[in-house]
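For reference, the chains in residue letters:
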Amino acid sequence: MINKLIKPILYLIVLFITIQAVSAANMTVQQLIDSFDYNYYNGNLNVTNQTDYMIDKNSNGLNDTLIINITTNNATSDNYTFIVEIIDKNIILINDTTTYINSTNNYAIISFSTEILSQNKFNYTLTINDINGTLIFRKYKTETNTYLNYEAGTNITKITDENINNNFIRINLTINSTQVITTNITVTLAYNSSKISKTEEKSLINGFQVVSIDFDNETIKSTHYSSNFTIDTIVIGNKIFDFNQNTSIYNYEDFAKTSYIKSITDSRLDTNANNLSEFLEINFTINVKIADTYNITYDLYDQFNNFVISLNKTQTLALGNQTVQTLINGSEIYKTKINGPYVLSFAKLAIGNDTKDIIFNAYTTNQSFYTDYERPPLPDLKVAIEIIFNQTTNTTNVTINLSNIGNVPAFNVFLEVFDNITYNNNRSLAFLSAGENITYRFNATNSSNTSLFTAIADFDNLVDESNESNNIAQNTPPTVVSLAIESITAMYTNGTLKIFEFVILNDGDTAVTDVQWWFDTNNSYVINSTSNISSMASGERAFVYLQYNFSDEGSYNVKANATGLSQSTTISSSLSSTVGVGDLAITSFSAANIDVTNVIFEIQAQNNLLQNLTNVNWSLTTAEGSIINSTQQFTSIKPNETVFIFVNYDYGKTGTFNPIASVTNQTYSDSKTITLDIKHIQAYNLSVVNESGSKRIFEFIIRNSLNTNLTGVNWTFDTKNSNVINATSNSILQPSEQMFIYIDYNFTASGVFNVNATTKNNTLSDSKNLTITI
């Protein structure tokens, strides 16, 4: 098996650590990495023993092979790949073997030649993969025995460097070789996060000798580097030496025998002083060794590797330092919509097809954005809106004019139209020429004269325009004059005494003057304001505080009222609120939902005391002989807190019922009753399905919502035009069955008619109304 060598890998580890009792302030990065558990075992094949030792294969009295012996529990017979990674200084040495493991052959052996080793003790990681390459076992950093004397192979004892007449940088290696061999020697020099390397075949003899590796002048010139190089690694045969030794200082220009790019600069040119650049200027200083016609080529990207543009410039250059100016059209950069800074991924200097110099990641420009450059000719979408409201039909006619007042066509234009309530519509246009306009008309039903309509072209900004500000248009609705009671709040409670706050809000568009208020306690007493509020600006609030002592405990529907003047119009507003007065009160009791005979009741109980109420129970008397009691108490209800109770009960039949809700904690209690009317014959969906002149065809639906048949079902239709149409026969409807009724009637007069459809049997009835205009 051939030993495999890997260069050290630099890991950038971002660790989010919650430090509790132990501080990691003094840990090194390696200690921190080692503190984690990298071991793994999936239960398939386990290692029961690992041993290491050295042997003398060539019988010369010195060990020359390191053996790693791995014993397993042979849980599943199969082929397995065993991989050992030895850490030798900063080098990772890897070897592997694939072995069939069963009950009689339950071990694997991996060997390493000692010629590639340099330490006396090693850490190694063992990894086992199954036949599919899936990891099944890993043991991290096992320490070997100590080995003081073994065949270490070739070693480097000294490194020097020198400049050979500005033609070469020579690296001199003093090597102690243990054998006569002809092998490749590779030296790698590191600089500015880059590397150059040179490989030469050399013949080595036993003992010490000096071997030289030369880096030629063109290789040095290609680095464009002036300082110390770092001798990073040296490879002799299959042995890697890791160094970090600096050379003398070298300047690449001293070695340049052919023309090269000396420097690069950039700037933006704004020739008409409008704060938009016509060009991005990138200038190259060329040290010309031979006068000739040269070509500069480069690609421009952003820092995220998005391509911007390619450019080349041909120019005849004389000897010495010469400047080549390249100009990138600003409108071309704008078209890409890619922001800078921009990176020259490479810059190449050539004479014809003969490359004289090339620099990768040659230069990064100063920061700029594509919007800093001149725009190319662009379209300009403009929207205009006209609104006509029909007060009789509550319909708004919306006319939108969409035009392109720019210099070039616009493609894929989308128009959105909507109001401030529920209306929305849209149109799309594949192409709109420069100077072209188009008109769209829409009808918005159930609107009002206060509706605010908005039209927006290119809402998603898909069209690049010279002016984006004229893409939206709105109608101007009439001034809204309004006053509102925003809230009523019980700020303080003590028995039957309460302090209320209510807020008056001017929610219109203009000021309201002479605002006065009154407060109905629902306890046969009204509190009036003693002075008017002279003026309230649009959006302004007035806070009113008042105190009242109720005559008795219970639930009261208090009401706050306010009036004022605006634009010679009297406006008013009111707001009601149910408050509980006293101790424990049911503030609300209702049927939250009725589904055929199944009713969900909602009970709201409030603690009106200043202290917590404990151990509160509730009950519901259904008025049908059943009482539903709470199965769990409210252990504590805070002052002014309201609890919500939902109770489900199926009456199973039609009728009128008076259920009673009660709450109590033995000391305080309250109850409330409601009247519940359960109907099971339904009339719904009354509508006009066809109209012609004064003639209308009506449709409505009758449904049996009972679980049993409905007999004797009939209907009447009152046209409100001095004519009532009756069913000619009775019907039987099965459970959930529907019956569709169609009525053809020709009205004898014009006007507004509130027609009525009624369905009934012997005991049940339901009706629906519809207002139409003839």
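Residues numbered from 1 in each chain as written. Predicted model: local features only at pLDDT ≥ 70, side-chain atom pairs only at ≥ 80, totals over all residues. Heavy atoms only, no water.

**Describing the sheet that holds strand β20 (residues 307-317)**
Basically, it comes down to this: The pairing criterion for strands is at least two bridges between them, as found by DSSP. A run of H or I in DSSP becomes a helix once it reaches four residues, and a run of E becomes a strand once it reaches two; helices and strands are each numbered from the N terminus. Working convention: axes come from line fits to C-alpha atoms, limited for helices to the stretch in contact. Angles between N-to-C directions cover 0 to 180 degrees.
Here 4 strands make up an open sheet; going across it, the order is β20-β19-β22-β23 and the pairing antiparallel. Strands at the two margins of the open sheet, each flanked by one partner only, are β20 and β23 (354-364). Recorded for the sheet is a direction-independent mean angle of 15° between the axes of neighbouring strands. Relative to strand β22 (residues 342-351), strand β19 (residues 292-302) runs antiparallel, the two sharing 8 bridges. Considered in β22, the bridge of Thr297 is made with Lys348.

**Brief notes about the pattern of salt bridges**
Short version of the rule: For this document, the term salt bridge refers to a Lys or Arg side-chain nitrogen within 4 Å of an Asp or Glu carboxyl oxygen.
In this structure the tally under the stated criterion is 15 salt bridges. Note that Lys335 and Glu332 form a salt bridge whose closest N and O atoms lie 3.4 Å from each other. With Lys335 and Glu332 both in helix α4 (residues 330-336) and 3 residues apart, this pair spans about one turn of that helix. Each member of the salt-bridge network shares a partner with another, and the members are Lys198, Glu200 and Lys202.

**A word on the side chain of Asp161**
Convention followed: Identification of polar contacts relies on pairs of N or O atoms within 3.5 Å, with a donor-acceptor requirement for protein atoms, meaning one able to donate a hydrogen and the other able to accept it, and with residues adjacent in sequence counted only if both atoms are side-chain atoms.
Considering the arrangement of structural elements, one finds Asp161 in strand β10 (residues 155-164). At a separation of 3.1 Å, a polar atom in the side chain of Asp161 contacts the main-chain amide nitrogen of Ser248. Side-chain polar atoms of Asp161 contact the side chain of Tyr250, separated by 2.5 Å.

**Section: the packing of aromatic side chains**
Operational definition: Each Phe, Tyr or Trp ring, with Trp reduced to its six-membered ring, pairs with another whose centre is within 6.5 Å; inter-plane angles below 30 degrees give stacked pairs, above 60 give edge-to-face pairs, and intermediate values give tilted ones. Exposed residues in this analysis have more than 50% of their type's maximum accessible area, buried residues have under 20%, and partly exposed residues fall in between, with area computed by a 1.4 Å probe over protein chains only.
One pass over the structure, following the stated rule, counts 28 aromatic pairs. With a centroid separation of 6.2 Å and an interplanar angle of 65°, the aromatic rings of Tyr250 and Phe255 are classed as edge-to-face. An angle of 15° between the planes, with centres 5.6 Å apart, marks the rings of Tyr525 and Tyr548 as stacked. Of this pair, Tyr525 sits in the loop between β33 (512-520) and β34 (526-528) while Tyr548 sits in strand β36 (residues 541-549), and the two are 23 residues apart along the sequence. Look at Tyr525 and you get partly exposed, because its relative accessible area is 45%. Aromatic rings pair up to connect Phe500, Phe502, Trp517, Phe519, Tyr525, Tyr548, Phe550 and Tyr556 into one cluster.

**Focus: the sheet that holds strand β11 (residues 168-177)**
The sheet built from 3 strands is open, its strands ordered β10-β11-β14 with antiparallel pairing. Every interior strand has two partners, whereas the edge strands, β10 and β14 (207-216), have only one. Strand-to-strand, the axes of this sheet are offset by a mean angle of 20°, without reference to chain direction. With 10 bridges connecting them, β11 and β14 associate as antiparallel partners. Within the sheet, the bridge partner assigned to Asn176 lies in β14 and is Phe208.

**Notes on the pairing of strand β16 (residues 239-251)**
Here strand β15 (residues 226-236) runs beside β16; their pairing, made up of 9 bridges, is antiparallel. Residue pairing across strands places Ile231 opposite Gln245, the latter belonging to β16. Where β15 folds back onto β16 in an antiparallel hairpin, the turn is made up of 2 residues, including Gly237, whose phi is positive at roughly 65°.

**Here's the deal with the side chain of Thr142**
Stated formally: Contacts are residue-level and defined by heavy atoms, with any inter-residue pair within 4.5 Å sufficient.
Take Thr142: it is sitting in strand β9 (residues 135-143). Taking the relative accessible area as the measure of exposure, Thr142 reaches 14% and is therefore buried. Apart from residues lying up to four places away in sequence, Thr142 is in contact with Gln50, Phe122, Asn123 and Tyr124.

**Considerations on the environment of Ile333**
Looking at the secondary structure, you find Ile333 in helix α4. Linking Ile333 and Val308, residues 25 residues apart in sequence, is a C-alpha distance of 6.9 Å.

**Structural notes on unusual backbone geometry**
With omega at 5°, the peptide bond leading from Gly340 into Pro341 counts as cis. Within the fold, Pro341 resides in the loop between α4 and β22. Look at Asn275: it is not a glycine, yet its phi comes out positive at around 65°. Backbone geometry places Asn412, a non-glycine residue, at a positive phi of 55°. Residue class for Asn412 comes out partly exposed when judged on its relative accessible area of 47%.

Function-wise, these values are silent; they only describe arrangement.
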